[in-house]
Amino acid sequence: MEALLHQIFSGLANGCIYGSVALALVMIYQSTHHINFAQGEMATFSTFIAWALIQSGWPYWGAFAATVAISFAAGVAIQRIILRPVEKAPVLTNVIVFIGLLVIFNSLAGWIFEHTIKSFPSPFPQDSALASVYFSAHDLGSAAVMLCVLGTLYAFFRFTKIGLGMRAAALNPESARLVGIRVSWMLALGWGLAAAIGAVAGMMVAPVVYLDPNMMSGILLYGFAAALLGGIDNPWGAVLGGFIVGVLENLLGAYVIGTELKLTVALVLIVGTLTLRPNGLFGKAVVARV
Amino acid sequence: MSELLEVRGLTAGYGATQVLNGIDFELAAGRITAILGANGAGKTTTLRALCQTVATAGSIVFDGQQLVGKATENVVRLGVAHVPDGRGTFGALSVEENLRLGAYVRRDKAGVASDIAHMYARFPRLKERRGQQAGTLSGGEQQMLAISRALMLRPKLLLLDEPSFGLAPLVVAEIFRILRQINEDDGVSILLVEQNARLALDLADRAYLLETGRVALSGPSDAIQRDEAVRRAYLGY
């Protein structure tokens, strides 16, 4: 029983990370209907920036805030400079651009920061009254950080004018232009937000899995599974999907298929969702008039 | 009367297909102008050309500014509100969010709030349904929302694409009554595209009749209405 609970709780902790990666994917999917394959590598690169800042003596939360800000700006810049020219291009062109970005960020991270595995500090104390045998203070802390991110995003989309404009641009770009919304900039903002969310996820996962240029490749796969399972157009579904994937992965890994085959869980979930329920658990079926 | 809009040699089309073959028309400030014509005559395309949502050439001078070549969102910012075919409301957003979006480019928060209250006074049904998703409204309510959404811009010019489309006659009469009110009370100039010629001519001061991308006929509405030959040939009543 003890062991089972342990597996579930650590699954929930992982689920937080998968959920935030899924959320970043959903952010971009909602407005562009593309999956950003470079999301993971962008997050890794952001985490390296945080690492470099901390190495040069910045306090943790200062480095955290600076990294989020830099990632946001970089996300906006990537959309404006690299993706805007292919906005109207076919899906395949965009996919190639995403793969290009993936390779570029992966190689840049290796080139600038080297491929040696680095430890990344956790901002949360090793021992705390709240921690227990089931989960560490870092698990709790990163869950809290992710909930803050979610809450902030919700408030942003629900209560601010720009948030409303972004939703309108994602729902119906044509009509959004007719009320004067600069739709292309809304896409750029979406990229900025996704990059910032990815950076937070990267900084939260790095203390657990250690930092190297390929840190996020497996996690992106779980995040992708989470987003699909929850419904690729539903932010809440993405987060819930994250928890489900996290727990499933741990339980199946511990009791059924063994830890070596854990990543298969993500792939099976992806294939399973796409064949049995393509809109995910909480996604909307798209009905189009033809 | 000064001209609010002057269109000269306007051509527009989709890809290789040209729909407007050089049309000229003007619109006096504070008036209601109608564009009539059969299906495929280019009525909707004319409105799209004014908003620059379709490839255009020629000249469109609105309030002293050339619109051809401008981005749609910048045309809107000059005070051109468009209620497109299909109404252009955001079905997944609430009624109130739709109204707030209509005022997206405005900076005067207090003015926006009072305008929303004003819309609710004009359309009490919208107030009842303020929190409801716009997609769940009836056709007439959606048209009222679309018009209110456009008015939230405080436009100088309101473009309407077939406001009568798919609505019951009673609802249509109500909407046309409100359009006249908007024109008279708020001084908004209106350019109306309609298939229902009789209705449009009753409302408009002036009308243009489009035929396969050209202006076939133009003049004051009452003159067109009186001319029996024109009515038979073009308007079918």
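A brief report on the enclosed structure follows. (Residues numbered from 1 in each chain as written. Chains lettered and ligands numbered in written order. Predicted model: local features only at pLDDT ≥ 70, side-chain atom pairs only at ≥ 80, totals over all residues. Heavy atoms only, no water.)

What chain B contains, in helices and strands, is ten helices and ten strands. Its C-alpha radius of gyration of 17 Å places chain B within 12% of the 18 Å reference for a compact globule of 237 residues. In terms of principal-axis extent, the alpha carbons of chain B reach across some 50 × 40 × 35 Å. When each of the 237 residues of chain B is scored for burial, the buried share is 52%. Across chain B, every contact between residues at least 6 apart in sequence was considered, and the portion connecting residues at least 24 apart equals 66%. Within the structure as shown, chain B displays about 9900 Å² of accessible surface, and the carbon and sulfur contribution to it stands at 48%. The positive charge centre, built from 27 side chains, and the negative charge centre, built from 26, are 4 Å apart in chain B. (Helix = DSSP H or I, 4+ residues; strand = E, 2+ residues; numbered from the N terminus. Rg over C-alpha atoms; globule rule 2.2 N^0.38 Å. Buried < 20%, exposed > 50% of the residue type's maximum accessible area, 1.4 Å probe, protein only. Contact = heavy atoms within 4.5 Å. Areas by Shrake-Rupley, 256 points an atom, 1.4 Å probe, with all protein chains shown as cover. Lys, Arg positive; Asp, Glu negative; His and termini not counted. Charge placed at Lys NZ, Arg CZ, Asp CG, Glu CD.)

Now for the environment of N279(A). Checked against the element boundaries, N279(A) lands in the segment after helix 11 (262–276). Placed 272 residues apart in sequence, N279(A) and Q7(A) show a C-alpha to C-alpha distance of 29 Å.

Attention now goes to empty space enclosed by the protein. Under the criterion given, the structure shown has two cavities of 30 Å³ or more. Of all the secondary structure elements, the ones that give two or more residues to the lining of the largest cavity are helix 1 (2–32), helix 5 (137–159) and helix 8 (183–209) of chain A. Per-element accounting of the lining of the largest cavity gives the leading share, four residues, to helix 8 of chain A. For the lining of the largest cavity, the class distribution of residues is eight nonpolar, two polar and no charged. Each pocket or cavity is described by its volume, and for the second largest cavity that value is around 40 Å³. What lines the second largest cavity is L178(A), V179(A), V76(B), A81(B), G102(B), R149(B), A150(B) and L153(B). (1 Å grid on protein atoms, 1.4 Å probe; cavity = no way out; pocket = protein on both sides within 12 Å on 5 of 7 lines; lining within 4 Å. Points joined across faces, edges and corners; volume = space filled by probe spheres on them. Nonpolar A, V, L, I, M, F, W, Y, C, P; charged D, E, K, R; others polar.)

Our focus in this paragraph is the sheet that holds strand 2 (residues 17–28) of chain B. All names here are of chain B. Judged by pairing direction, the sheet is antiparallel, and its four strands sit side by side in the order 2-1-4-5 without closing on themselves. Lying at the two open borders of the sheet, with one neighbouring strand each, are strand 2 and strand 5 (65–66). Of the strands in this sheet, strand 1 (3–14), strand 2 and strand 4 (55–62) are in contact with helix 1 (residues 43–51), which crosses strand 1 at around 110 degrees. (Pairing = 2+ DSSP bridges. Axes fitted to C-alpha atoms, helices over the stretch in contact; angles between N-to-C directions.)

All names here are of chain A. Examined against the element boundaries, S142 turns out to sit in helix 5. By relative accessible area, which is 5% here, S142 ends up buried. Not counting the four nearest positions on each side in its chain, S142 is found in contact with F124 and M204.

Here the focus is the pattern of salt bridges. One pass over the structure, following the stated rule, counts 18 salt bridges over all chains. Note that R158(A) is salt-bridged to E97(B), the shortest N-O span being 3.6 Å. A residue pair is termed interchain when its members come from two chains, as with R158(A) in helix 5 and E97(B) in helix 3 (residues 95–102). Residue classification places R158(A) among the partly exposed residues on the basis of a relative accessible area of 36%. Relative accessible area serves as the criterion here: at 6%, E97(B) is assigned to the buried category. D108(B) serves as the salt-bridge partner of R106(B), at 3.1 Å between the closest nitrogen and oxygen. Since its relative accessible area comes to 9%, R106(B) is described here as buried. Salt bridges linked by common partners bring R106(B), D108(B), D115(B) and R154(B) together as one network. (Salt bridge = Lys/Arg side-chain N within 4 Å of Asp/Glu carboxyl O.)

Take the packing of aromatic side chains next. Taken as a whole, this structure holds 15 aromatic pairs over all chains when the rule is applied. Between Y18(A) and Y222(A), the ring centres sit 4.7 Å apart and the planes meet at 20 degrees, which makes this aromatic pair stacked. Note that Y18(A) is positioned in helix 1 and Y222(A) in helix 9 (residues 217–230), a separation of 204 residues in sequence. You'll find Y18(A) and Y222(A) in the same group, each marked buried. With centroids separated by 6.5 Å and ring planes inclined at 90 degrees, the aromatic side chains of Y154(A) and F159(A) adopt a geometry described as edge-to-face. You can call F159(A) exposed: its relative accessible area is 61%. Taken together, the ring pairs in this structure connect F45(A), F48(A), W51(A), F105(A) and F113(A) into an aromatic cluster. Above the face of the W185(A) ring, R80(A) is positioned so that its terminal group lies 4.0 Å from the ring centre. Positioned over the ring face of Y104(B) is K161(A), at 5.5 Å from the centre of the ring. (Phe/Tyr/Trp six-rings, centres within 6.5 Å; stacked < 30°, edge-to-face > 60°. Lys NZ or Arg CZ within 6 Å of the ring centre and 35° of its normal.)

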